Amino acid sequence: MAVIRDLNKDKMDVVEGSYAVAHSVKVCKPNVISAYPITPQTHIVEDLSQFIADGEIPNCEYINVESEFSALSALVGSSAVGARCYSATTSQGLELMHEVLFNVSGMRLPIVMTIANRAVSAPINIWNDQQDSISQRDTGWIQLYAEDLQEASDMHAQAYKIAEDKDVMLPVMACMDGFILSHVYEPLVLLEQDLVDEYLPPYEPEYKLDPKNPMTFGSFADPECYTEFRYLQQKAMDNALGKVEEAANDFYKTFGRYYGGLIDEYETEDAEIILMAMGSVIGTIKETIDKLRAKGVKVGLLKVRAFRPFPVEAIRNAIKNAKVVVAIDKNISLGLNEGALFTETKASLYNTSIDVPVIGRMIGHGGRDIPLSTIEKIIDDAVNVMKSGISVESQYADLKEELL
Amino acid sequence: MMSIRVGGVCDPGSTRINKTGGWRTFRPVYDYDKCVKCKLCELLCPDMSVLEREDGYFQFDYDFCKGCGICANECPKGAISMVLEEK
Amino acid sequence: MNFLFKSGHRGCAGCCDAMVAKFTLMAAGENCIVVSPTGCLEVMTTPYPESAWGVPWIHSLFENAASVASGIEAALKAMGKDDTKVVAIGGDGGTIDIGMRAISGAFERGHDITYVCIDNEAYMNTGVQRSGATPYDASTTTSPAGAISFGNKRPKKDMPAIMAAHGAPYIATTSLGYPKDMIKKIKKAIDVEGPTYIHAHAPCTTGWGFDSSKTVEVAKLAVQTGLWPLYEMENGEITSVKKIGKQKKPVEDYLKMQRRFKHLFTKEGGDEELKKIQAIADENIVKFGLE
Ligand SMILES: Cc1ncc(C[n+]2csc(CCOP(=O)(O)OP(=O)(O)O)c2C)c(N)n1
Ligand code: SF4
Ligand code: SF4
Ligand SMILES: [Mg+2]
């Protein structure tokens, strides 16, 4: 199934991406929102604050915390009491939460948090890349990446559905590129309350902090049992693979829109070259593909929607018949000189019979513009790999040599 | 051990399977002739090992008493003495 | 009596943390939710799959108990269950050092929570390292007395005053030497609406170096020397102090019972140091009108 959109123009509003997300959160009926302002997440939490001030979110408290560390820590308490919880952050704020991220997933608290993806300091930079959330890949959070405003908005209802599934019970980061998606106005369909109520059941955890049944949360696990705690978290991630797909399919049934489950494919059927990417760059890549397809270049796109759990099987299937694969990353693992999507895609193919050359290209860091020409250049590299094999496995594709 | 429930929750008061009485070197013993039932030992015991009897006097719960000696040290009437545990 | 804090925990014999926890639950009753930061109390009460807590209890991290408590309070409010009391209870390190940002934020926001700080004057769980609550001249594993040192060089951080500056409606200092007073104050703190703070002085047999039977005795001496004044503050004003009057004892009586101050009595120059500590006690006596 390719991307399917509800094209009913009557139902569309022109709103900012942040507003659309705030609206989605509102109709998911959270009980506690706790966040700390940081660009470019601010508009989301400002809009939510206004909803609260206007009495539009019943049975909900907004905690104006003194830091991101406390934003998420407060939600540990709220979620353990059985509240549906929401936060949003990015970059420095997300890095400040690092320790709490592990804690939330380890306690199996299904908190949903928007990440308005942004570069990390130093040097300080407020613009978009995905280094912030990618750097949190091992914290046990599900990570979904949105391609455009409508998907970012819709993703939040899906995120709660996945997180709160009793076979999952894991927190979810709904990642949207900062500014590019958070600060842009577009016509889109705001989630309808009645449909969300139909789609998303109320949150009812099996265990909660309750004087009537006084359970203990957050105990100390010794070597006799720690491994099993971790194993069960991984098992929940395995379960999430199916639940991400299911949430997307159910969403389609209720709302008539679909953006892929774990992954989505565009022009891959006969593609010799497959580009892989996450987030808003997908739009630019699709445009480039359309242009080059017209010239007869057999190029397609594999959109990775879920980075955690990493959809190994789905990726293998999607790229197994290609002649070359390029993983595009808005992040870098310093010291390895590779982006995460590249490294993990390569790893997914090792020990299989799939023998496709894979190269990695890093672009768009710290908000660097990604024109079609950058993507075309990357496709040129891929064509050369087809002709004469890999010359450079991984590198920045938009480096300014003159600054070095 | 039972299988791990989601998030690893534990049942209330379940440490009571762990009998800490084995830690003791000295054991507290009451001299009921001296005890005036002031309840101070019951209040102070860090291990909740002073149990009230029906007659209002107290007895030690040797399953858990660690033999810290606080009860004996604080008893205003000197009604508790610590004697070497015979093992 | 059926205590909500249960036997079988792994606290040392004579453990101060266990006593404060027991008293806190006596004051709070069943209808509460308790949060603890990482520290002795947390480790000794909840070795998976066991728990010494008879009330709902949660531990998240070392530095965020006050934030977790905020979130619980907010959630209870949102879900219409605000008759349940929220109590945080944890060590001096988790409260006044690494947890400072969290408790400051929670109190400034005015959540209806009670925070009980168990002040055993060092990081006991990790092996008696110095904290901001370690008193002047105490030898700890990271402020050891040595050839050129008398131990910790700084006086205790005045946490109750900092909490008072946050506008907390009720603050009290308490001591394990006066358990009934402690329970009464914790109960009052829980009953007062808004963020309330209890600072409980709690001698640690292991970290301070005294016999396990002396926890209460040592605590009493801290009060009777003037080194640990007991008072209540309501809306920033001191509304009651525990007079020590005739009971007033020299600081040596307190210090000599503890291994952590042993160097003051054996090392050259110790006399001068004792005078400085006596001066701290005397200042307290004047400042709080303890006589
Ligand atoms: C972020 C972080 N830093 C350090 C530690 C290690 N640590 C655990 S408990 C503790 C000391 C606890 O001291 P305190 O809060 O005074 O409680 P106590 O054990 O003395 O009762 C330390 C340093 C940790 N768990 N987390
Ligand atoms: S010796 Fe200590 S543990 Fe035993 S009953 Fe007395 S106070 Fe409790
Ligand atoms: S070290 Fe001190 S605080 Fe920690 S368990 Fe032992 S007596 Fe209690
Ligand atoms: Mg301490």
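Coordinates for the structure precede this section.
Here's a quick rundown of the structure. Keep in mind the model is a prediction, meaning the values are calculated, not measured.

### Topic: the coordination of the magnesium ion (ligand 4)
All names here are of chain C.
Item 1. The protein atoms that coordinate the magnesium ion (ligand 4) are Asp92 (OD), Asn120 (OD1) and Ala122 (O), at distances of 2.0 to 2.1 Å.
Item 2. If you list the donors of the magnesium ion (ligand 4) from N- to C-terminus, the spacing comes out as D-x27-N-x1-A. Here Asp92, found in helix α4 (residues 92-97), pairs with Ala122, found in the loop between β4 (114-119) and β5 (145-146); they are 30 residues apart in sequence, far enough to count as distant. No difference in accessibility class separates Asp92 from Ala122, as the two residues are buried.

### Section: the interface of chain B and chain C
Item 1. Contacts between chain B and chain C engage 33 residues on the former and 37 residues on the latter.
Item 2. Among the residues of chain B in contact with chain C, Thr15, Leu43 and Met48 of chain B are the three that bury the most area, contributing 24% of the side total.
Item 3. Scanning the region where chain B abuts chain C turns up one salt bridge.
Item 4. In this structure, Glu74 of chain B and Lys220 of chain C form a salt bridge, with 3.7 Å as the shortest nitrogen-oxygen distance.
Item 5. Between chain B and chain C we count 22 residue pairs in polar contact (both at pLDDT 80 or more) in total.
Item 6. Put simply, the parts of the chain that give the side of chain B that touches chain C at least two residues each are α1 (40-44) and α2 (70-74) of chain B.
Item 7. Across the side of chain B that touches chain C, the residue classes tally to 16 nonpolar, nine polar and eight charged.

### Some points on the sheet that holds strand β3 (residues 61-64) of chain A
Two pairing modes exist for strands in a sheet, parallel and antiparallel, and in both the strands are linked by backbone hydrogen bonds.
Residues and elements named next belong to chain A.
Item 1. Spatially, the seven strands line up as an open sheet ordered β3-β2-β4-β5-β7-β6-β13, and their pairing is mixed. The outermost strands of the open sheet, each flanked by one partner alone, are β3 and β13 (306-308). Adjacent strand axes in the sheet meet at a mean angle of 20 degrees when their direction is disregarded.
Item 2. Bridge count for strand β6 (residues 142-145) against β13 is two bridges, and the pairing is antiparallel. Bridge pairing in β13 links Gln143 to Arg308.
Item 3. Against the sheet, helix α2 (residues 42-53) touches β2 (32-35), β3, β4 (85-89), β5 (112-117) and β7 (172-177), its axis set at about 130 degrees to β3.

### So, empty space enclosed by the protein
Residue and element names in this part refer to chain B.
Item 1. Evaluated as defined, the whole model comprises six cavities of 30 Å³ or more.
Item 2. As a volume, the largest cavity reaches approximately 100 Å³.
Item 3. Lining of the largest cavity is provided by 15 residues; of these, Cys35, Cys38, Cys41, Cys75 and Pro76 occupy positions nearest its centre.
Item 4. Listed by contribution, the elements that provide at least two residues to the lining of the largest cavity are α1 and α2.
Item 5. Partitioning the lining of the largest cavity into residue classes produces 11 nonpolar, no polar and four charged.
Item 6. If you trace the second largest cavity, you find 14 residues lining it, with Cys45, Cys65, Gly67, Cys68 and Cys71 closest to the centre.
Item 7. Its residues assigned to classes, the lining of the second largest cavity shows nine nonpolar, three polar and two charged.

### A look at the packing of helix α3 (residues 65-78) of chain C against helix α5 (residues 100-109) of chain C
All names here are of chain C.
Item 1. It is the contact of α3 with α5, at a shortest axis distance of 7 Å, that shows an interaxial angle of 35 degrees. Counted together, Ala66, Ser67 and Ser70 of α3 and Ala102, Ile103, Ala106 and Arg109 of α5 form the full contact between these two elements.
Item 2. Considering only residue class, the contact of α3 with α5 consists of four nonpolar, two polar and one charged.

### Quick look at the interface of chain A and chain C
Item 1. If you look at the interface, chain A gives 40 residues, while chain C gives 39 residues.
Item 2. Together, the buried faces of chain A and chain C total about 2900 Å²; carbon and sulfur atoms form 64% of this surface.
Item 3. Joining chain A to chain C, the criterion identifies one salt bridge.
Item 4. The interface formed by chain A and chain C contains 13 residue pairs in polar contact (both at pLDDT 80 or more).
Item 5. Per-element accounting of the side of chain A that touches chain C gives the leading share, nine residues, to helix α3 (residues 68-81) of chain A.
Item 6. The residue inventory of the side of chain A that touches chain C, partitioned by class, reads 22 nonpolar, 13 polar and five charged.
Item 7. With two bridges connecting them, strand β9 (residues 216-217) of chain A and strand β2 (residues 57-59) of chain C associate as parallel partners. Within β2 of chain C, the residue paired with Thr216 of chain A across the bridge is Trp57 of chain C.

### Examining the site of ligand 1
Item 1. Around ligand 1, the structure places 18 residues, and the nearest of them are Asp17, Cys40, Asp92, Gly93 and Gly94 of chain C.
Item 2. Residues close to ligand 1 are split across chains A and C.
Item 3. Here an oxygen atom of ligand 1 and a backbone polar atom of Asn125 of chain C are 3.0 Å apart.
Item 4. Considering ligand 1 on its own, with 590 Å² of exposed area, one finds that the protein chains cover 78% of that surface.
Item 5. For the shell around ligand 1, the element with the most residues is α4 of chain C, which contributes three residues.
Item 6. The residue makeup of the shell around ligand 1, split by class, is six nonpolar, eight polar and four charged.

### What to know about the pattern of salt bridges
Item 1. Under the criterion given, the structure shown has 48 salt bridges over all chains.
Item 2. A salt bridge links Asp119 of chain C to Lys156 of chain C; the shortest N-O distance between them is 2.5 Å. On the criterion of sequence distance, the pair formed by Asp119 of chain C in strand β4 and Lys156 of chain C in the loop between β6 (149-150) and α6 (159-165) is long-range, its members being 37 residues apart.
Item 3. Judged by its relative accessible area of 0%, Asp119 of chain C falls in the buried class.
Item 4. Overlapping salt bridges bring together Glu147, Glu151, Lys286, Lys303 and Arg305 of chain A as one network.

### With respect to the site of ligand 3
Residue and element names in this part refer to chain C.
Item 1. Taken together, Gly11, Cys12, Cys15, Cys16, Asp17, Cys40, Met44, Asn120, Cys204, Thr205 and Thr206 make up all the residues around ligand 3.
Item 2. When contributions to the shell around ligand 3 are tallied by element, the ones reaching two or more residues are α1 (16-28), α2 (40-45) and α8 (205-209).
Item 3. Looking at the shell around ligand 3, its residues break down into six nonpolar, four polar and one charged.

### Notes on the nonpolar core
Item 1. One finds Leu48 and Tyr86 of chain A together with Trp53, Ile58, Ile72 and Tyr197 of chain C to be the most contacted residues of the largest nonpolar core, which totals 213 residues.
Item 2. Residue contributions to this core reach at least three from each of two domains, namely domain 1 (4-258) and domain 2 (263-403) of chain A.
Item 3. Ignoring anything within four residues of it in the chain, the contact list for Ile58 of chain C reads Val76, Ala80, Met107, Leu209 and Phe217 of chain A together with Val34, Val35, Ser36, Val68 and Ile72 of chain C.
Item 4. Ile282, Val326, Ile328 and Ile378 of chain A belong to the second-largest nonpolar core, a separate cluster that totals 22 residues.

What counts as what
- Residues numbered from 1 in each chain as written.
- Chains lettered and ligands numbered in written order.
- Predicted model: local features only at pLDDT ≥ 70, side-chain atom pairs only at ≥ 80, totals over all residues.
- Heavy atoms only, no water.
- Donors = N, O, S within 2.8 Å, 3.2 Å for Na, K, Ca; no water.
- Helix = DSSP H or I, 4+ residues; strand = E, 2+ residues; numbered from the N terminus.
- Buried < 20%, exposed > 50% of the residue type's maximum accessible area, 1.4 Å probe, protein only.
- Contact = heavy atoms within 4.5 Å.
- Buried area = accessible area lost by both parts, 1.4 Å probe.
- Salt bridge = Lys/Arg side-chain N within 4 Å of Asp/Glu carboxyl O.
- Polar contact = N/O pair within 3.5 Å; in protein donor to acceptor, adjacent residues only side chain to side chain.
- Nonpolar A, V, L, I, M, F, W, Y, C, P; charged D, E, K, R; others polar.
- Pairing = 2+ DSSP bridges.
- Axes fitted to C-alpha atoms, helices over the stretch in contact; angles between N-to-C directions.
- 1 Å grid on protein atoms, 1.4 Å probe; cavity = no way out; pocket = protein on both sides within 12 Å on 5 of 7 lines; lining within 4 Å.
- Points joined across faces, edges and corners; volume = space filled by probe spheres on them.
- Near = heavy atom within 4 Å.
- Areas by Shrake-Rupley, 256 points an atom, 1.4 Å probe, with all protein chains shown as cover.
- Core = buried A, V, L, I, M, F, W, Y, C linked by side-chain atoms within 4.5 Å.
- Domains from an automatic or database assignment.

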